[in-house]
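Summary of the model geometry
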Amino acid sequence: MVGQPPLQGIKVLEFAGLAPGPFAGLLLSDSGASVLRIDRPASSPSPLPTPDLLTRRKKSIAVDLKSPPGIGLVKSLAAKADILIDPFRPGVLEKLGLGPSVLCSLNPGLIYARLTGFRRDGKWAKMAGHDINYLAVSGSLSLLGRKNAPPTPPINILGDFAGGGATLFQGILLALISREKTGRGQVVEANMVDGASYLATFPRFALHTMTGALPRGENLLDSGCPYYDCYETKDGKWVAVGALEPQFFGELIKGLGLEGQGWEERRYDRGSWGELRAVLERRFKERTREEWEGVFEGTDACCTPVLEYGEMEREKGKREGDQRPMVTLRETPLLGVVKGRQGDAVTHGQGEGVEGEGYRGKPLTPGDGGEEVLGEWLGWRKRREFDVAGRGLVLKDKAKL
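The name that an unreviewed UniProt entry assigns to the protein chain is Alpha-methylacyl-CoA racemase, with the source organism given as Triangularia setosa. Recorded under Sequence similarities (unreviewed entry), the UniProt text for the protein chain is reproduced unchanged: "Belongs to the CoA-transferase III family."

Let us look at the overall build of the protein chain. Of the regular secondary structure elements, the protein chain holds 16 helices and 11 strands. Taken along its principal axes, the extent of the C-alpha atoms in the protein chain is 85 × 55 × 45 Å. Across the protein chain, contacts joining residues at least 24 apart in sequence account for 65% of those joining residues at least 6 apart. Summing over all exposed atoms, the protein chain offers an accessible surface of approximately 21100 Å²; the carbon and sulfur share of this is 53%. Here the protein chain holds 54 positive side-chain charges and 51 negative ones, and the gap between their average locations is 7 Å.

Throughout the structure, instances matching the rule amount to 11 aromatic pairs. Through successive ring pairs, a cluster of aromatic residues spans Y231, F284, W292 and F296. In this arrangement the basic side chain of R267 is found over the ring face of Y268, its NZ or CZ atom lying 4.5 Å from the centre. When the ring centre of W292 is taken as reference, the NZ or CZ atom of R287 above it lies at 4.9 Å.

What follows is about the packing of helix α1 (residues 20-30) against helix α6 (residues 157-182). Where α1 meets α6, the closest approach of the two axes is 8 Å, and the angle between their N-to-C directions is 45°. Relative to α6, the element α1 lies oblique. Where α1 crosses over α6, the handedness of that crossing is right-handed. For the pair α1 and α6, the contacting residues are P20, F23, A24, L27 and L28 in the first and D160, F161, G164, G165, A166, L168, F169 and I172 in the second. Taken together, the residues that form the contact of α1 with α6 break down as 10 nonpolar, 2 polar and 1 charged.

About the thresholds
Counting restarts for each chain, with residues numbered from 1 along the sequence as it is written. Reporting in this predicted model follows two pLDDT cut-offs: at least 70 for local features of residues, and 80 or more for side-chain atom pairs to be given and counted; totals over whole chains, interfaces and linings ignore these cut-offs and use all residues. Remark: hydrogens and water are excluded; side-chain values derive from all non-hydrogen atoms of the structure. UniProt positions are given in the numbering used here, feature names are shortened, and annotations may be inferred rather than shown by experiment. Elements are defined by DSSP. Helices are runs of H or I of four residues or more, strands are runs of E of two residues or more, and each kind is numbered from the N terminus. Any two residues whose heavy atoms approach within 4.5 Å at even a single point are treated as in contact. What sets the accessible areas is the Shrake-Rupley method with a 1.4 Å probe; for residues, cover comes only from the shown protein chains. The sign given to each residue is positive for Lys and Arg and negative for Asp and Glu; His and the chain ends receive no count. Each charge is placed at NZ for Lys, CZ for Arg, CG for Asp and CD for Glu. Any Phe, Tyr or Trp ring, taking Trp's six-membered ring, that has another such ring centre within 6.5 Å forms a pair; planes under 30 degrees apart are called stacked, those over 60 apart edge-to-face, and the others tilted. In this scheme, Lys NZ or Arg CZ marks a charge over a ring once it lies within 6 Å of the ring centre and within 35 degrees of the ring normal. In this description, a line fitted to the C-alpha atoms serves as the axis of each element, helices being fitted only across the stretch in contact, and the angle between N-to-C directions of two axes falls anywhere from 0 to 180 degrees. An angle counts as roughly parallel when it lies under 35 degrees, as roughly antiparallel when it exceeds 145, as roughly perpendicular when it falls between 65 and 115, and as oblique in every other case. Left-handed is the label given to a crossing in which the near helix is rotated counterclockwise from the far helix by less than a right angle, and right-handed is the label when the rotation is clockwise. All amino acids are sorted into three groups, where Ala, Val, Leu, Ile, Met, Phe, Trp, Tyr, Cys and Pro are nonpolar, Asp, Glu, Lys and Arg are charged, and the leftover types, Gly among them, are polar.

Right under this line is the structure:
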């Protein structure tokens with residue numbers, strides 16, 4: 001029998017932010033945790049949704065963090081929460097009286113999770129930055145890009161999400177395991193510089209081997225090798241080739257109709273790579289991507305279509321475009337992203353899925369569903385334990401920690 005999601009019953013306070021912090025909260029909510037986002041009060045009577053789209057199953061309350069009753073409300077929530085996510089620059093919550101020394105003393109079991117871009121103790125700690133800057137000083141950006149071209153940032157996947165939010169999520173899970181043993185929470189600190197650098201462990205090691213010792217764009221896995229690259233097809237689309245091993249390369253050559261030309265024997269000859277690349281470029285442009293997909297489907301040629309999310313959304317069944325949780329837990333699956341068929345709880349997660357089905361995020365307006373969560377977490381009711389002041393929630397005088 002399928003059980004509850006693994007983090008069912010875990011209470012999370014997430015201070016509103018963009019990208020990495022909300023992504024950590026999304027991973028927690030998809031795992032079954034109850035995530036309550038703390039927003040700033042709206043400046044108008046009709047609050048607008050925030051730019052954050054990483055809001056699956058989250059709820060919100062608006063709190064004025066410049067008012068003592070607002071601070072009191074957050075302290076009361078932190079005293080009952082399991083996890084708190086701090087997405088701000090170093091020192092912001094400390095100045096508000098909501099730093100870890102205060103909140104962890106109120107709740108020794110609290111896991112106080114903090115995420116920054118640069119290292120807290122590094123030379124750039126007080127500077128503003130974005131994903132591209134964090135990758136730049138981590139060293140990982142220097143590895144990305146083609147020969148004789150500038151380093152190429154991979155949108156903000158590697159820094160914000162992999163090195164930031166997902167890494168913080170991992171640290172939170174480790175702290176939860178530790179709390180099971182010790183009964184105590186702790187401060188968890190992550191930053192995108194160290195996160196991205198750690199993810200680059202293999203290519204960093206490879207810099208001292210034949211695999212990656214050459215300049216950017218000239219190595220085996222960074223577009224230097226002609227049989228590990230992408231090629232344009234007749235219809236202007238692309239295929240990805242990763243035929244590294246001899247047997248896979250042989251299947252590629254066979255599918256392309258290039259047998260008997262000696263490429264199998266010359267595949268390690270770097271002096272021939274330019275010629276081979278030109279041959280592959282010409283051959284792939286002779287057919288459409290769909291035609292090449294038909295040639296290589298079911299083979300070990302390691303040649304696949306480069307799918308775009310638009311077509312995956314349109315052709316979910318054909319393209320395996322149904323979005324799923326990032327990992328399958330057989331007994332306690334994560335919550336579903338799309339609504340699965342009966343019996344699909346193991347592969348699709350459990351639950352009804354969400355609007356947008358993983359392709360369109362749903363904005364969350366400050367205050368959406370938050371009062372309901374206060375009732376679930378603490379049994380609070382409006383005008384009894386809390387009230388609204390200046391469009392933000394405040395702790396009433398009689399509600400004590």
